[in-house]
Amino acid sequence: MGAASELEAVVPARAPWSGVVPAGAVLTITDLEGQQAVDFLCYDAADPSDRYSATNTIKVQGNIHVGLGTVLFADSGAALMTVIADSFGLHDTIYGCCSNPNNRLRYGVMTTESCYSNFAAELARRGLGREAIVPNINWFMRVPVNPDGSAGIAEGATEPGSAVSLRAERDVLAVLSNCPQMHNPCNGYAPSPVRVRIARDQTD
Ligand SMILES: [Zn+2]
């Protein structure tokens, strides 16, 4: 039997969150109501300049998707986290986060809510600037790529209660944005809360 959970929180719709996941501990993100994308970055807590690298993660695994068994690698090649449980599969890590500029370019709108602004606000609380924002993982979001290279966000398919669990391979700062996007189907046009939990091990 594992030790008691160290932290559990509900991240409201459209809100950011961050937390330090100690080496060996497990972060579980649960899509409580379904059809909710969660934009995610992680950093070596001891040296946040070494952060999640989508390209290293894609190249080492030879796959553009993130799912069970995927190791999240840093720029340095260090393993930051490993996906140890996943009820969704084929999470995206090529499309990046929504932002005012890409909302304007894609949809002709200016919004003040975006994952980019959420990341910037949450990173500022951790003493980090917007240069710390790099291409991220989009949990519970699928971006199928066609043979001709065309790609797009699939209609949200997450069941309520879908979850992904990540074991920290070193002390990791995890930063997420509960995506506020309303101009594409990634949140089913109805952003909803998600739950985060940090436990000492998988059995907690
Ligand atoms: Zn977003």
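(A) Summary view of the coordination of the zinc ion. For the zinc ion, the protein coordination sphere consists of Cys 98 (SG), Cys 115 (SG) and Cys 179 (SG), at 2.2 to 2.3 Å. For the zinc ion, the single-chain donor residues occur in sequence as C-x16-C-x63-C. Pair noted here: Cys 98 is in the loop between β8 (91–92) and α2 (100–107) and Cys 115 is in helix α3 (residues 115–125), with a separation of 17 residues, a long-range link.

(B) Region of interest: helix α1 (residues 54–61). Taken as a whole, α1 has its buried residues at Ala 54, Thr 57 and Ile 58. Each buried residue of α1 lies within a common arc of 95° when the element is viewed along its axis, so the set occupies one face. Exposed and facing more than 90 degrees away from the buried side of α1 are Lys 59 and Val 60. At its buried positions, α1 is contacted by β6 (71–73). Gly 62 occupies a position one or two residues after α1 and carries a positive phi of about 65°.

(C) Region of the structure containing the sheet that holds strand β7 (residues 79–86). If you walk across this open sheet you meet the 6 strands as β1-β12-β3-β10-β7-β6, and the pairing is antiparallel. Bordering the open sheet on either side are β1 (7–11) and β6, each of which pairs with just one other strand. Each adjacent strand pair in this sheet contributes to an overall mean axis angle of 20°, direction not counted. In this structure, strand β3 (residues 26–31) lies alongside strand β10 (residues 162–168), joined through 6 bridges in antiparallel fashion.

(D) Expanded view of a nonpolar patch on the surface. On the surface, Ile 64, Ile 94, Tyr 95 and Val 145 cluster together to form a nonpolar patch covering roughly 300 Å² of accessible area. Considering the arrangement of structural elements, one finds Ile 94 in the loop between β8 and α2.

(E) Seen up close, the pairing of strand β11 (residues 172–178). Most of β11 sits out of view: 7 of its 7 residues are buried. Side chains Val 172, Ala 174, Leu 176 and Asn 178 of β11 all project onto a buried face; the interleaved residues Leu 173, Val 175 and Ser 177 project onto the opposite face, where all are buried too. For strand β2 (residues 16–21) and β11, the ladder comprises 6 bridges, and the chain directions are antiparallel. Paired with Pro 16 across the strands is Ser 177, a residue of β11.

What counts, and at which threshold
Residues numbered from 1 in each chain as written. Predicted model: local features only at pLDDT ≥ 70, side-chain atom pairs only at ≥ 80, totals over all residues. Heavy atoms only, no water. Donors = N, O, S within 2.8 Å, 3.2 Å for Na, K, Ca; no water. Helix = DSSP H or I, 4+ residues; strand = E, 2+ residues; numbered from the N terminus. Buried < 20%, exposed > 50% of the residue type's maximum accessible area, 1.4 Å probe, protein only. Arc of directions from axis to C-beta. Contact = heavy atoms within 4.5 Å. Pairing = 2+ DSSP bridges. Axes fitted to C-alpha atoms, helices over the stretch in contact; angles between N-to-C directions. Patch = residues over 30% accessible without salt bridge, like charges linked within 9 Å, V, L, I, M, F, W, Y side chains within 5 Å. Areas by Shrake-Rupley, 256 points an atom, 1.4 Å probe, with all protein chains shown as cover. Salt bridge = Lys/Arg side-chain N within 4 Å of Asp/Glu carboxyl O.

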